[in-house]
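Observations on the model geometry
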Amino acid sequence: MARLGLRLLPVVPFLGLLVVWVVGWAVARPTLATFPSVSQVVQTLGDLIESGELGRNIAASMGRWGIALVTATITGVGLGLLAGLSGVIAKILEPLAIFFTAMSGIIWLPLAIVWFGLGTTMIVFVIWNAMFFVIFSNTLLGVRSVPGLWEDAIRTLGGNRRQVVSQVVLPGAFPHVLAGMRAGLGFGWRALLAAEIIGATAGLGAMIFNATDFLRSDIILAGNLVIGTIGLIIDLAILVPIERRTIERWGMVSVTRRRM
Amino acid sequence: MTNGSGRWTSRFGGFGRIGGQRLRASRRPLLQMMSGVLLLLAIAWGPGLYGRLTAGERLDPNLAHTAGPVNVEVTMGFTPQGFHLQALQQQGVFAGRIGEHTVRLFNVSPASLRTLSGMYWISSIRPAQPR
Amino acid sequence: MVKAPTTRIMRTTRPARVPGPGGADGLPPGLPVAGHRPLRASARRAATFAAPLIALVVVWAGVKSLFGLSDDVLVSPAATARSAAELVRLGILPAYVSASLWRITLGAVLATVIGVPIGLALGVTRYGARMFEPFLRFFQAISGIAWLPLAVVWFGFTNTTIQVVILYTAMVPIVFNTLIGVQLIPDIYKQSIQTMGGGRLRLIRDVYFPGALPSIVVGLRLGIGYGWRALIAGEILTGLPGVGTLIFEARKFHQIDQILAGMVVIGVLYLIVDRMVLAPVERLTVQRWGVVRA
């Protein structure tokens with residue numbers, strides 16, 4: 001019984017917020033332009049799902065995000081590994097990465113619009129940009145923080161260069177790579193929203209921005225709820241299991257998840 | 001003995017109640033941080049300061065001690081863009097342009113005059129000539 | 001430590017801090033670790049700070065000439081510098097930069113002043129992390145930028161809109177990391193103060209706050225990172241004077257030199273804020289309390 005209570009603890013703040021929302025709305029009775037009621041949001045959510053509009057927008061957003069994620073992971077981890085293993089490449093790429101991380105993501109928006117016009121290519125580029133540098137930096141850090149001792153161990157056992165990379169460097173860097181990917185997911189999600197709010201016609205960001213024209217705060221809130229939920233799902237349902245199956249199984253300290 | 005940065009420090013020397021060693025070791029990041037903050041302050045306030053220091057060469061001497069609102073002509077070294085017109089309109093009523101580089105402003109209070117003279121991108125502020 | 005035969009992997013496999021001044025800097029082995037001349041050390045540090053910019057300019061110019069990119073796609077570093085100088089001459093750049101800096105500073109200060117106490121309060125509750133972690137993650141996922149439309153509905157296209165969004169965006173990581181920081185403190189510290197008769201205030205001052213400080217600083221760094229981007233987005237959306245507006249307006253007239261100038265300025269500003277102001281603070285706290293950053 002106590003264990004069930006413990007598992008349900010995370011729900012408490014959400015419930016608390018819900019109570020505040022309902023009570024607050026009942027007391028203040030704001031207009032739709034100011035703040036919607038719970039029932040309004042639920043109703044709007046239902047309407048959006050029914051009309052398929054929500055589905056379409058989610059698909060558009062997730063599609064762009066997915067493409068960018070795959071591209072950014074491949075390029076980020078690949079280049080990060082390369083840079084970590086080769087001092088020459090590191091000398092060139094690392095200072096660049098420092099600078100570009102400082103202006104990654106949405107800062108490229110105007111330039112991306114000039115290059116690609118408004119649309120999906122532009123948005124994917126912006127998201128890729130936001131994710132790539134984070135993943136790259138963390139991969140590089142990860143490769144570098146593999147203790148030299150481990151490489152020595154493989155070598156004393158007669159391992160060649162390739163085995164060093166595949167058996168020591170890759171797994172050793174993995175916690176940092178995963179941390180980078182987690183951060184990258186966050187940055188990418190933000191960049192997606194920002195790019196869509198400013199320059200798109202379809203997608204979650206566009207959906208909530210169009211609602212401003214009509215002062216439909218219920219659409220905005222419904223959209224935000226969906227956005228938050230998707231983000232939470234991605235965080236909890238994708239990353240944590242991956243972490244559990246790889247890092248914690250290998251007995252390394254996770255850099256992203258703290259134990260209670 | 002040395003700490004990590006190679007400086008010789010004494011174990012018992014100190015600044016107040018923080019042990020001397022700890023303060024010396026932490027001095028470099030502190031200095032770095034202070035120089036960063038100073039740099040940012042310079043970026044944020046520097047141009048304004050520069051403008052205020054050079055205010056004298058901008059403002060026509062006849063306008064230096066006016067008591068009430070005046071009409072002025074503001075000249076810049078370039079064609080004013082939206083940003084400049086907006087900034088000017090906050091100090092007076094826009095009353096047309098003269099040529100490419102000058103803007104006429106009416107009803108500029110002495111306080112506004114001071115503000116205008118502090119804007120370093122303005123070349124000169126003269127009393128408005130009657131048309 | 002035995003000097004192992006240096007292979008190329010070994011040389012770069014030293015435990016490294018995130019690239020920054022005074023870290024693993026690729027010096028050839030053999031240079032003594034301790035006992036540097038202070039002058040050489042600070043010169044090296046300055047070089048490490050300038051290295052990103054130098055590399056940027058070199059690669060930039062290289063890419064432009066190598067691929068023969070037209071001026072519609074990329075302008076040379078020289079043209080960008082000229083554009084930046086022109087913007088300074090016109091008084092636009094300093095005014096916009098000031099406006100943005102004020103916004104982010106105000107947002108960061110408010111977020112810290114409000115967020116840290118909240119985080120502390122949440123952290124001292126039993127099971128605080130377990131209870132609030134998904135909640136805070138949820139709101140972090142929504143991110144400030146998604147609240148921009150609502151803020152516009154409430155406050156219009158004004159400065160308040162931007163400021164509110166920055167505040168929110170920066171506050172969530174700060175609260176979250178403060179919470180985590182408090183929860184990470186081993187119980188024994190709290191108990192030792194209590195056995196010595198310390199009350200709650202003493203606990204906060206001597207245990208919770210210092211103990212959580214490294215995490216708080218990490219949260220602050222994250223918060224400013226996110227807040228910076230929210231600032232840009234907010235400026236783009238509202239069109240108020242700011243660096244974001246600068247690059248967005250230039251887009252209308254395809255003034256790539258101005259866009260690039262603005263982007264470089266933004267990058268440099270953020271580098272200054274992050275590396276010169278925040279990184280030392282982080283190093284100070286980590287040095288003092290030696291906690292591995294989460």
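Predicted model only: the values in this text are computed from it and were never measured. (Residues numbered from 1 in each chain as written. Chains lettered and ligands numbered in written order. Predicted model: local features only at pLDDT ≥ 70, side-chain atom pairs only at ≥ 80, totals over all residues. Heavy atoms only, no water.)

1. Digging into the pairing of strand β4 (residues 93–98) of chain B
Residues and elements named next belong to chain B.
- In this sheet, strand β5 (residues 102–108) lies alongside β4 in antiparallel orientation, the contact comprising 4 bridges. Counterpart to I98 in the pairing with β5 is T102.
- Where β4 hands over to β5, the hairpin turn is made up of 3 residues, of which G99 adopts a positive phi near 70°. (Pairing = 2+ DSSP bridges. Helix = DSSP H or I, 4+ residues; strand = E, 2+ residues; numbered from the N terminus.)

2. Description of the side chain of R58 of chain B
All names here are of chain B.
- Here R58 is to be found in helix α3 (residues 55–58).
- Despite its burial, R58 pairs with no opposite charge; the closest candidate is E57, at 5.1 Å N-O.
- A distance of 2.7 Å separates polar atoms of two side chains, one belonging to R58 and the other to T54.
- A polar atom in the side chain of R58 sits 3.4 Å from the backbone oxygen of M119.
- Sequence-distant contacts of R58, defined by excluding residues within four places in its chain, comprise G51, L116, S117, G118, M119, Y120, I122, S123, S124 and I125. (Buried < 20%, exposed > 50% of the residue type's maximum accessible area, 1.4 Å probe, protein only. Lys, Arg positive; Asp, Glu negative; His and termini not counted. Salt bridge = Lys/Arg side-chain N within 4 Å of Asp/Glu carboxyl O. Polar contact = N/O pair within 3.5 Å; in protein donor to acceptor, adjacent residues only side chain to side chain. Contact = heavy atoms within 4.5 Å.)

3. Some thoughts on the interface of chain C and chain A
- Taken together, the contact pairs 73 residues of chain C with 72 residues of chain A.
- Buried area between chain C and chain A, both sides added, is near 6500 Å², and the carbon and sulfur share of it is 77%.
- Between the two partners, chain C and chain A, sit 0 salt bridges.
- Inspection of the chain C/chain A interface yields 7 residue pairs in polar contact (both at pLDDT 80 or more).
- With 22 residues, the single largest contributor to the side of chain C that touches chain A is helix α5 (residues 128–155) of chain C. (Buried area = accessible area lost by both parts, 1.4 Å probe.)

4. Some remarks on the packing of aromatic side chains
- A full pass over the atoms with the stated rule returns 27 aromatic pairs over all chains.
- Geometrically, the ring pair formed by W228 of chain C and Y270 of chain C is stacked, given 6.3 Å between the ring centres and 25° between the ring planes. Here Y270 of chain C lies in helix α10 (residues 256–289) and W228 of chain C lies in helix α8 (residues 200–238), a separation of 42 residues in the sequence. Taken individually, W228 of chain C and Y270 of chain C each receive the classification buried, so the pair is uniform in this respect.
- Members of the aromatic cluster, connected to one another through ring pairs, are F99, F100, W108, W115, F116, F125, W128, F132, F133 and F136 of chain A.
- The ring of F248 of chain C has R251 of chain C lying over it, and the distance from NZ or CZ to the ring centre is 4.4 Å. (Phe/Tyr/Trp six-rings, centres within 6.5 Å; stacked < 30°, edge-to-face > 60°. Lys NZ or Arg CZ within 6 Å of the ring centre and 35° of its normal.)

5. Focus: a nonpolar patch on the surface
All names here are of chain A.
- A grouping of L4, L8, V11, L15, L18, V19, V22, V23 and V27 is seen on the molecular surface, where their side chains present a nonpolar patch of about 800 Å² in accessible area.
- Elements with a minimum of two residues in the nonpolar patch: α1 (2–8) and α2 (11–28).
- Examining the composition of the nonpolar patch, we find that 7 residues originate from one element, α2, more than from any other.
- Residue position: L15 is located in helix α2. (Patch = residues over 30% accessible without salt bridge, like charges linked within 9 Å, V, L, I, M, F, W, Y side chains within 5 Å. Areas by Shrake-Rupley, 256 points an atom, 1.4 Å probe, with all protein chains shown as cover.)

6. Overview of the packing of helix α3 (residues 38–51) of chain A against helix α4 (residues 53–85) of chain A
All names here are of chain A.
- Here α3 crosses α4 at 75°, and the two axes come no closer than 4 Å. Comparing their axes, α4 and α3 come out roughly perpendicular. Within the contact between the two elements, α3 uses L45, L48, I49 and S51 and α4 uses E53, L54 and R56.
- Residues belonging to the contact of α3 with α4 are distributed by class as follows: 4 nonpolar, 1 polar and 2 charged. (Axes fitted to C-alpha atoms, helices over the stretch in contact; angles between N-to-C directions. Parallel < 35°, antiparallel > 145°, perpendicular 65-115°, else oblique. Nonpolar A, V, L, I, M, F, W, Y, C, P; charged D, E, K, R; others polar.)

7. Overview of the side chain of T102 of chain B
Residues and elements named next belong to chain B.
- Considering the arrangement of structural elements, one finds T102 in strand β5.
- Side chain to side chain, T102 and T75 meet in a polar contact 3.5 Å long.
- Excluding residues that lie within four positions of it along the chain, T102 makes contacts with E73, V74, T75 and R97.

8. Details of the pattern of salt bridges
- What the rule picks out here adds up to 9 salt bridges over all chains.
- For the salt bridge of D218 of chain A with R216 of chain A, the shortest nitrogen-to-oxygen distance reads 3.0 Å.
- Two residues, R103 of chain C and E235 of chain C, come together in a salt bridge whose shortest N-O distance is 2.7 Å. Placement of the pair is R103 of chain C in helix α4 (residues 92–124) and E235 of chain C in helix α8, with a sequence separation of 132 residues.
- Given the relative accessible area of 0%, E235 of chain C is considered buried.

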